[in-house]
Amino acid sequence: MSAATLSKTTFKSSELSRASADVFAAAVDHPVQVTRRDGESLVLMSESADKARDALLELAAQLVAVSTSTDGTLAGRMSDRFPWMLALSPADQEACATAVLAAARASFATHQPHLAIAELTSWRETATAIAAGLGKEPVEWLDEAEAVERP
């Protein structure tokens, strides 16, 4: 299979019948359009791409709800929708709100759901770690480098 086939975004329905492996391989990499003479074109994509789009739409719905309210701060409104944010410090709640909104805007503008989902997941995992008590121990830095054996 050629790189041109993998980067191809449109296939005829006859290609789906003749060379389904090529069409499926391209669809694993990115959504592809399957054109039909007798009806509307179809889009074929991986299940993970479909789930990423669903997650992005869910995030969009939450952000629209947050942005239409005028009560309190942005971080406060987002904490109502994403309660795990309450484990973050007030400064980190503000940073999280700003970063998630920026990543969501980038996702919507570039049609790349992973940007917003990764940002949201990163902050949620950070909040989870803080809530679990990780990071409260003082860090002990080594003053001198230690030689270690090669693995």
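Everything here concerns the structure above.
Residues numbered from 1 in each chain as written. Predicted model: local features only at pLDDT ≥ 70, side-chain atom pairs only at ≥ 80, totals over all residues. Heavy atoms only, no water.

J.: I tried to follow the packing of aromatic side chains on my own but got confused; where do I start?
T.: Each aromatic ring pair is summarised here by two numbers: the centre-to-centre distance and the angle between the ring planes. This model, assessed by the stated rule, comprises one aromatic pair. Centre to centre, the rings of Phe82 and Trp84 are 6.1 Å apart; their planes meet at 50°, and the pair counts as tilted. (Phe/Tyr/Trp six-rings, centres within 6.5 Å; stacked < 30°, edge-to-face > 60°.)

J.: Looking at this structure, how should I read the environment of Ala109?
T.: Along the chain, Ala109 falls in helix α6 (residues 90–110). Separated by 83 residues in the primary sequence, Ala109 and Ala26 place their C-alpha atoms 23 Å from one another. (Helix = DSSP H or I, 4+ residues; strand = E, 2+ residues; numbered from the N terminus.)

J.: Got a minute to help me understand helix α3 (residues 20–29) in this structure?
T.: Residue pairs spaced three or four apart in an α-helix point in one direction, given the helix's 3.6 residues per turn. Here α3 has its buried residues at Val23, Ala26 and Ala27. All buried residues of α3 fall inside an arc of 100° around its axis, so they share one side. Relative to its buried face, α3 has exposed residues pointing more than 90 degrees away, namely Ala21, Val28 and Asp29. (Buried < 20%, exposed > 50% of the residue type's maximum accessible area, 1.4 Å probe, protein only. Arc of directions from axis to C-beta.)

J.: How should the sheet that holds strand β2 (residues 32–35) be read in this particular structure?
T.: Two orientations exist for strands paired in a sheet by backbone hydrogen bonds: parallel and antiparallel. Pairing in this open sheet of three strands is mixed, and the strands run β1-β2-β3 from one edge to the other. Both outer strands of the open sheet, β1 (10–12) and β3 (42–44), are each paired with one neighbouring strand and no more. Pairs of neighbouring strands in the sheet enclose a mean axial angle of 30°, with direction left out of account. Pairing analysis gives three bridges linking β1 to β2, with the strands arranged parallel. Within β2, the position partnered with Thr10 by the bridge is Gln33. (Pairing = 2+ DSSP bridges. Axes fitted to C-alpha atoms, helices over the stretch in contact; angles between N-to-C directions.)

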